[in-house]
Amino acid sequence: MRPPRKELYPSMIELAETTPEQSAELERRARARMLAGAALMASGVERLNSATPDEDLTAMKEAAERTREGVVQFESGVATLQALANDTAPRDIALAWFRTNMGLLPPADARNPHGFIGLTAFHYFTMLVLAVVTATLIWMNFSKMRRAQTLVARLTGGAQSAVTPAAPVVSLAQPAQVPPNATDTPSKPNSWTGLLRVARIFEETSNVRTLRLVDLTGNELPFRHLPGQFVTFTVKPIDQTIRRSYTIASSPTRRDYCEVTIKREEKGTVSSFLHHVHEGDTLQVTGPSGIFTFIGEGANSIVLISGGVGITPMMSVLRFLTDRSWAGDIFFVHGCKSDQDVIYQQELEYLQRRYPNLHLTIAANEVASAGWTHSRGSITQELLAQAVPHIQTRRIHLCGPPGMMAAMKSTLAEMGVPADQIKSEVFIGRERPVGAADGASGLSPAAPTAVPAETAAPPGVAVATFARSKRTALMPPNKTVLEAAEDIGVNIEYSCRVGVCGLCKVKLLSGAVTMDVQEGLSAQDKEDSIILACQAKSAADVSVDA
Ligand SMILES: Cc1cc2nc3c(=O)[nH]c(=O)nc-3n(C[C@H](O)[C@H](O)[C@H](O)COP(=O)(O)OP(=O)(O)OC[C@H]3O[C@@H](n4cnc5c(N)ncnc54)[C@H](O)[C@@H]3O)c2cc1C
């Protein structure tokens, strides 16, 4: 157990007796310590809850550490209050505390222990906290095992189930057997959900701002991300819950905060909402997610091409690589509407001065300022050839508005860049068509489309079985698994709905699906029969783990 923070006890050692003012001050500090300790314990347990299902051992260790630190702080506050109530001299309070922490027996108490077998109230309190944490962990483990058992039993036909597919299913590789990782959750990396506080707001341009988000208790961020990943905000701007994804523009090397940079879209629901939050507000965050990442491995140079707010993943990569003193060449090519719209301009220029391996090119279509030293116009083939020598041999990351991305891809193809050297991410998201039910938003599901498994589906209409929820829904050929789930109120997380963000990954248990876009899936996901619910359609019955 760690000793308490230094300020309280060392100062008490010097006080043989207390005046009423000193007692009041000691009491105030003890209560502050108890409050801080309780907050630490709460955040530790919360962190433990989110880390345990993913078996994230590092996070679990940190959570246990945080809880322990909270107990120590709380305990020290209680000890002080108790001693003040007993009129004990401050020096004796401090000495007693040090003895306890160093495992020394207090001379008087060793002979005359108080309480049952010599335990004090502090011991009881610590034991209570540890018992609650242990019970929570055991309960979580048991419920996980129970879910696994139920699923395995259902898949092997060993348990009665209401979820028998109405018609023979088109089989995966292993039809009526237990899939090798039937109980694995899809590889949603480290998906943490909780509240973060807006600590600082930086206005970048007239319609772009950066929110710096921090842990509520002032500790390190409760998750770890890779450069290029994004988080998803769940907000309720009016009376409907909405989710939108925003790339973490800061570097993972900064453990105390993450920053998102948001462009306010004309009539954009969530971006406008986020342009009205204030420092001190809290936001519900899920993440991190995404595979549009680069950590300096697998290539000895990198070309980062962005347009507009598509600069955010590039900035995270750049900040990470420069923080880590990566030795490879970084070609940073950014295009924007006007010289007034360049996000992070000063920081980019500063980094260019400090890192000779950073080659910066900024192109603005409209230039108003006389002091503009960068390029004018769009990112053309000529500009690229000049900015990035031997571009055909380099790994390229591309992000920007859809039009710019399409133009860039054909320019790069003309320049002889193989398509598999280009990684890209689109920022567009899509909401469900107006009038459609939205299970995730908490609106009432359109019940009539839910069918009992025994009911035969009309010809040409497949049945989607949501195995974990024990529900089935009709799924006409033009309907996705996500939409079918929403029809009956089965909750599958989602954000972009265009196959990019990967939040709606689910495991396909039986059947086969087609997906127009699969950008959100890794090679491993595909091997593990993970599908994107927002893209998956099928002409035949399917069963998924949701
Ligand atoms: C993986 C990923 C990462 C992303 N990262 C970022 C990022 O770092 N920074 C960033 O700014 N964005 C980012 N986005 C985009 C972001 O998620 C949102 O899509 C964007 O902010 C728009 O959301 P919104 O709710 O404000 O707009 P929505 O309400 O969804 O509107 C979308 C578009 O439709 C238009 N529109 C809406 N209502 C109307 C109407 N009545 N009439 C006419 N037009 C209308 C809006 O102008 C807007 O352009 C990312 C998206 C993804 C998928």
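All values reported here derive from a predicted model rather than from experimental measurement.

Cut-off values and rules
Residues numbered from 1 in each chain as written. Predicted model: local features only at pLDDT ≥ 70, side-chain atom pairs only at ≥ 80, totals over all residues. Heavy atoms only, no water. Helix = DSSP H or I, 4+ residues; strand = E, 2+ residues; numbered from the N terminus. Buried < 20%, exposed > 50% of the residue type's maximum accessible area, 1.4 Å probe, protein only. Areas by Shrake-Rupley, 256 points an atom, 1.4 Å probe, with all protein chains shown as cover. Expected span 1.5 Å × (residues − 1). Near = heavy atom within 4 Å. Polar contact = N/O pair within 3.5 Å; in protein donor to acceptor, adjacent residues only side chain to side chain. Nonpolar A, V, L, I, M, F, W, Y, C, P; charged D, E, K, R; others polar. Pairing = 2+ DSSP bridges. Contact = heavy atoms within 4.5 Å. Axes fitted to C-alpha atoms, helices over the stretch in contact; angles between N-to-C directions. Core = buried A, V, L, I, M, F, W, Y, C linked by side-chain atoms within 4.5 Å. Salt bridge = Lys/Arg side-chain N within 4 Å of Asp/Glu carboxyl O. Left-handed = near helix turned anticlockwise from the far one by under 90°. Phe/Tyr/Trp six-rings, centres within 6.5 Å; stacked < 30°, edge-to-face > 60°. Lys NZ or Arg CZ within 6 Å of the ring centre and 35° of its normal.

### So, the overall build of the protein
Inference 1: Counting its secondary structure elements, the protein contains 13 helices and 17 strands.
Inference 2: By residue count, 45% of the 546 residues in the protein fall in the buried class.
Inference 3: Counting every atom, the protein has about 26,800 Å² of accessible surface; 55% of that belongs to carbon and sulfur.

### A short note on helix 8 (residues 311-323)
Inference 1: In a regular helix each residue adds 1.5 Å, so 13 residues correspond to 18 Å; helix 8 covers 18 Å between its end C-alpha atoms and thus fits that length.
Inference 2: By the criterion of burial, helix 8 is predominantly enclosed, with 12 of the 13 residues buried.
Inference 3: What helix 8 keeps buried is the set I311, T312, P313, M314, M315, S316, V317, L318, R319, F320, L321 and T322.
Inference 4: Backbone geometry just after helix 8 places S325 at a positive phi near 50°.

### Observations concerning the site of the ligand
Inference 1: The full set close to the ligand counts 21 residues, and S245, Y246, E266, V270 and S271 are the nearest of them.
Inference 2: The contact in question runs from an oxygen atom of the ligand to an N or O atom on the side chain of R244, over 2.8 Å.
Inference 3: Contact between the ligand and T269: an oxygen atom at 2.8 Å from a side-chain N or O atom of the residue.
Inference 4: The protein chains hide 72% of the 960 Å² of surface that the ligand would expose on its own.
Inference 5: Among the secondary structure elements, those contributing two or more residues to the shell around the ligand are strand 4 (242-247), strand 5 (258-263), helix 7 (269-274) and strand 12 (422-426).
Inference 6: Among the elements that line the shell around the ligand, the one with the most residues is strand 4, at four residues.
Inference 7: A class-by-class count of the residues in the shell around the ligand yields eight nonpolar, seven polar and six charged.

### What about the sheet that holds strand 10 (residues 375-376)?
Backbone hydrogen bonds are what pair the strands of a sheet, in a parallel or an antiparallel way.
Inference 1: Spatially, 10-9-8-7-11-12 is the arrangement adopted by the six strands of the open sheet, whose pairing is parallel. Every other strand in the sheet has two partners, leaving strand 10 and strand 12 as the edge strands with one partner each.
Inference 2: In the sheet, strand 7 (residues 301-307) pairs with strand 11 (residues 395-400) via five bridges, with the strands oriented parallel. Its bridge partner being in strand 11, S306 is matched across the sheet by C399.
Inference 3: Lying on the sheet, helix 8 is in contact with strand 7, strand 8 (329-338), strand 9 (358-366) and strand 11; it crosses strand 7 at an angle near 150°.
Inference 4: Seen against the sheet, helix 11 (residues 402-414) touches strand 7, strand 11 and strand 12 and runs at an angle of roughly 155° to strand 11.

### Re unusual backbone geometry
Inference 1: With an omega dihedral of 0°, the bond running from G287 to P288 counts as a cis peptide bond.
Inference 2: With respect to the helices and strands, the residue P288 is situated in strand 6 (residues 282-289).
Inference 3: With a phi close to 60°, K267 is a non-glycine residue in the positive phi region.
Inference 4: With respect to the helices and strands, K267 occurs in the loop between strand 5 and helix 7.
Inference 5: On the accessibility criterion, K267 (84% relative accessible area) is exposed.
Inference 6: Positive phi, close to 60°, is recorded for S529, a residue that is not glycine.
Inference 7: Tracing the sequence through the fold places S529 in the loop between helix 13 (523-527) and strand 16 (530-532).
Inference 8: For S529, a relative accessible area of 23% corresponds to the partly exposed category.

### Considerations on the nonpolar core
Nonpolar side chains in soluble globular proteins tend to be buried together.
Inference 1: Ranked by internal contacts, the top residues of the largest apolar core, which has 29 residues, are L318, L321, I330, F332 and L348.
Inference 2: At the level of secondary structure, the elements contributing two or more residues to this core comprise strand 7, helix 8, strand 8, helix 9 (345-354) and strand 9.
Inference 3: Top element by residues in this core is helix 8. It accounts for seven residues.
Inference 4: Residues contacting F332, with those up to four places away along its chain left out, are L304, I311, M314, M315, L318, L348, L358, H359, L360 and T361.
Inference 5: Ranked by size, the runner-up nonpolar core spans 26 residues in total, among them I488, L508, L521 and A546.

### Points about the pairing of strand 5
Inference 1: Within strand 5, five of the six residues are buried, which leaves the element mostly enclosed by the surrounding structure.
Inference 2: With six bridges joining them, strand 2 (residues 208-214) and strand 5 adopt antiparallel strand pairing. Counted as the bridge partner of R212 is E259 from strand 5.

### Regarding the pattern of salt bridges
Inference 1: Inspection of every chain in the model, using the stated rule, returns 14 salt bridges.
Inference 2: For the salt bridge of R68 with E65, the shortest nitrogen-to-oxygen distance reads 3.1 Å. Taken together, the residues R68 and E65, both in helix 3 (residues 57-85) and three residues apart, mark about one turn of the helix.
Inference 3: The class of R68 is partly exposed, set by a relative accessible area of 44%.
Inference 4: A salt bridge links R254 to D323; the nearest nitrogen and oxygen atoms lie 3.1 Å apart. Of the two residues, R254 is situated in the loop between strand 4 and strand 5 and D323 in helix 8; the sequence distance between them amounts to 69 residues.

### A closer look at the sheet that holds strand 15 (residues 505-510)
Inference 1: A sheet is described by the order of its strands in space; here five strands give the open sequence 14-13-17-15-16, paired in mixed fashion. Two strands lie at the open edges of the sheet, namely strand 14 (471-475) and strand 16, each paired on one side alone. Recorded for the sheet is a direction-independent mean angle of 40° between the axes of neighbouring strands.

### Details of the packing of helix 8 against helix 9
Inference 1: For the pair helix 8 and helix 9, interaxial distance at closest approach is 12 Å and the crossing angle is 30°. Crossing geometry of helix 8 relative to helix 9 is assigned as left-handed. Between helix 8 and helix 9, the residues in contact are I311, M315, L318, R319 and T322 and E347, L348 and L351, respectively.
Inference 2: Partitioned by chemical class, the residues of the contact of helix 8 with helix 9 number five nonpolar, one polar and two charged.

### A few points about the packing of aromatic side chains
Think of a pair of aromatic rings as described by two things: how far the centres are apart, and how the planes are tilted against each other in angle.
Inference 1: Enumeration according to the criterion identifies four aromatic pairs in this entry.
Inference 2: With a centroid separation of 5.7 Å and an interplanar angle of 45°, the aromatic rings of W192 and F223 are classed as tilted. Of this pair, W192 sits in strand 1 (residues 192-205) while F223 is found in the loop between strand 2 and strand 3 (230-235), placing the two residues 31 residues apart along the sequence.
Inference 3: With a relative accessible area of 5%, W192 lands in the buried category.
Inference 4: Under the relative-accessibility criterion, F223 is labelled buried at 1%.
Inference 5: For the pair F294 and W326, a centre-to-centre distance of 5.6 Å together with 85° between the ring planes defines the contact as edge-to-face. Of the two residues, F294 is situated in the loop between strand 6 and strand 7 and W326 in the loop between helix 8 and strand 8; the sequence distance between them amounts to 32 residues.
Inference 6: On the basis of relative accessibility, which here comes to 15%, the residue W326 falls in the buried class.
Inference 7: The ring of Y494 carries the charged tip of R243 above its face, separated from the ring centre by 5.6 Å.
Inference 8: The aromatic ring of Y344 is capped on one face by R319, whose charged end is 4.8 Å from the ring centroid.

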